[in-house]
Amino acid sequence: MSAPGVTVDRDKETGVAVVTLDRAEKHNAITPDMARELGAVWRGFRYEDDVRAIVVTGAGGRAFCTGIDREAAGNVPQPSSPYTIDDPLLAIGPKANDLWKPVIAAVEGMACGGAFYLLGESEFLIAGEDATFFDPHTTYGMVSAFETVHMAQRMPHGEIARMALMGSAERISARRAYETGLVSEVTEPGGALTAARGAAAVIASYPTEAVQGTVRALWSVKETARTQALALAPHLVALGNLPADRQAELFTRRGAGFRTR
């Protein structure tokens, strides 16, 4: 199965499906069409009994995903009310689409901004040693709300606060992400997908009702706080973001460099 920017490969022997963000030339940035397709893919998996575990990854090796495609996002109409926004990435993750089959993220290269919608709804992350994680929102006059809520479920408060507030000036290495619990395994560069497939195949070999029940139980621990925080996020974004033209000016004045820790 494939659609513009999204491909799905199924292995009936292992019960593992691999969902790939397939816009390597754009660092796998997500367009509104891709966002809709991702939602459809996750919902469709609910009816595919042969798919018992899923890996989500990005094509090309240079990036897992760099969030929403800035050019495409400019074409998404927004309501004038400061109390609401239309965010095309809200439903790109499996949990937002009521899928409770386990999802493992295989990360190579950059993972930033809107990528955290997907990473935040995965069971665990496996990263190649060259992977980096960062959140550029504040650099460009944008509130990091949805992203920080998702990552706050996985990282110590001080780590997510530092990443969000430092913006594009600092990137978290795969090793540091492992040390703080964001990543569960670091592989050699290019090895994340193979490792994720292997872990997914093990999980898929177990009785699926027990696996999905375990996923659901784990998510119930944090679901209430997460739901309340995400409900507040649109208002913070609507009130705190600079106007789009001011954001664009800041994007044209990108910083000279960054550091990785």
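Each chain has its residues counted from 1, following the order in which its sequence is written. Owing to the predicted nature of the model, reporting of local features is limited to residues with pLDDT of at least 70; listing and counting of side-chain atom pairs is limited to 80 or more, with chain, interface and lining totals taken over all residues. Side-chain measures here rest on the full set of heavy atoms in the structure, leaving out hydrogens and waters.

(A) Spotlight on the pairing of strand 10 (residues 170-173). Both faces of strand 10 are covered, namely the face carrying Glu170 and Ile172 and the face carrying Arg171 and Ser173. With 2 bridges connecting them, strand 9 (residues 132-134) and strand 10 associate as antiparallel partners. Within the sheet, the bridge partner assigned to phenylalanine 133 lies in strand 10 and is isoleucine 172. At least two DSSP bridges between two strands are required for those strands to pair. Only runs of H or I of at least four residues qualify as helices and only runs of E of at least two qualify as strands under DSSP, and these elements are numbered from the N terminus. Across 2 bridges, the pairing between strand 10 and strand 12 (residues 259-260) is parallel. Residue pairing for strand 12: glutamate 170 is matched across the bridge by arginine 259. Any residue under 20% of the maximum accessible area for its type is buried, any over 50% is exposed, and the rest in between are partly exposed; the area is computed with a 1.4 Å probe on protein chains only.

(B) Inspection of the sheet that holds strand 12 at higher detail. Within the open sheet, the 5 strands sit side by side as 5-7-9-10-12. Their pairing is mixed. Strand pairing shows two members of the sheet lacking a second neighbour, strand 5 (63-65) and strand 12, which therefore form its edges. The pairing of strand 7 (residues 110-112) with strand 9 spans 3 bridges and is classified as parallel. When the sheet's bridge partners are listed, cysteine 112 is paired in strand 9 with phenylalanine 134. Two residues qualify as a contact provided that any one of their heavy atoms is within 4.5 Å of a heavy atom in the partner residue. To obtain each axis, a line is fitted to C-alpha atoms, and for helices this fit is confined to the stretch in contact; angles are then taken between N-to-C directions over 0 to 180 degrees. Those strands touched by helix 5 (residues 157-166) are strand 9, strand 10 and strand 12, and its axis lies near 140 degrees from that of strand 10.

(C) Inspection of the nonpolar core at higher detail. Nine residue types can take part in a nonpolar core, namely buried Ala, Val, Leu, Ile, Met, Phe, Trp, Tyr and Cys, and a core is a set of them joined through side-chain atoms within 4.5 Å. Core analysis: the largest hydrophobic core is formed by 49 residues, its most contacted members being Val19, Trp42, Phe45, Leu119 and Phe133. At 6 residues, the largest contribution of residues to this core is made by helix 1 (residues 32-45).

(D) Structural context of the environment of aspartate 11. Checked against the element boundaries, aspartate 11 lands in strand 2 (residues 6-11). Spatially, the C-alpha atoms of aspartate 11 and alanine 201 are 9.6 Å apart, while their sequence positions differ by 190 residues. Polar contacts involving the side chain of aspartate 11 include one to the main-chain amide nitrogen of glutamate 13, which spans 3.0 Å. Only 3.3 Å separates the side chain of aspartate 11 from the backbone nitrogen of threonine 14, close enough to count as a polar contact. Nitrogen and oxygen atoms within 3.5 Å of one another constitute a polar contact, given that in protein one can donate a hydrogen and the other can accept it, and given that sequence-neighbouring residues count only through two side-chain atoms.

(E) Seen up close, helix 5. Turning to helix 5, its buried residues are Glu159, Ile160, Met163 and Ala164. With its buried residues spanning 120 degrees around the axis, helix 5 presents them on a single face. Along helix 5, the residues that are exposed and aim more than 90 degrees away from the buried face are His157 and Leu165. Of the surrounding elements, those touching the buried residues of helix 5 are helix 3 (115-119), strand 9, helix 4 (146-152), strand 10 and helix 6 (174-179). At the exit of helix 5 stands glycine 167, carrying a positive phi of roughly 60 degrees. It is the directions from the helix axis to the C-beta atoms that the arc portrays.

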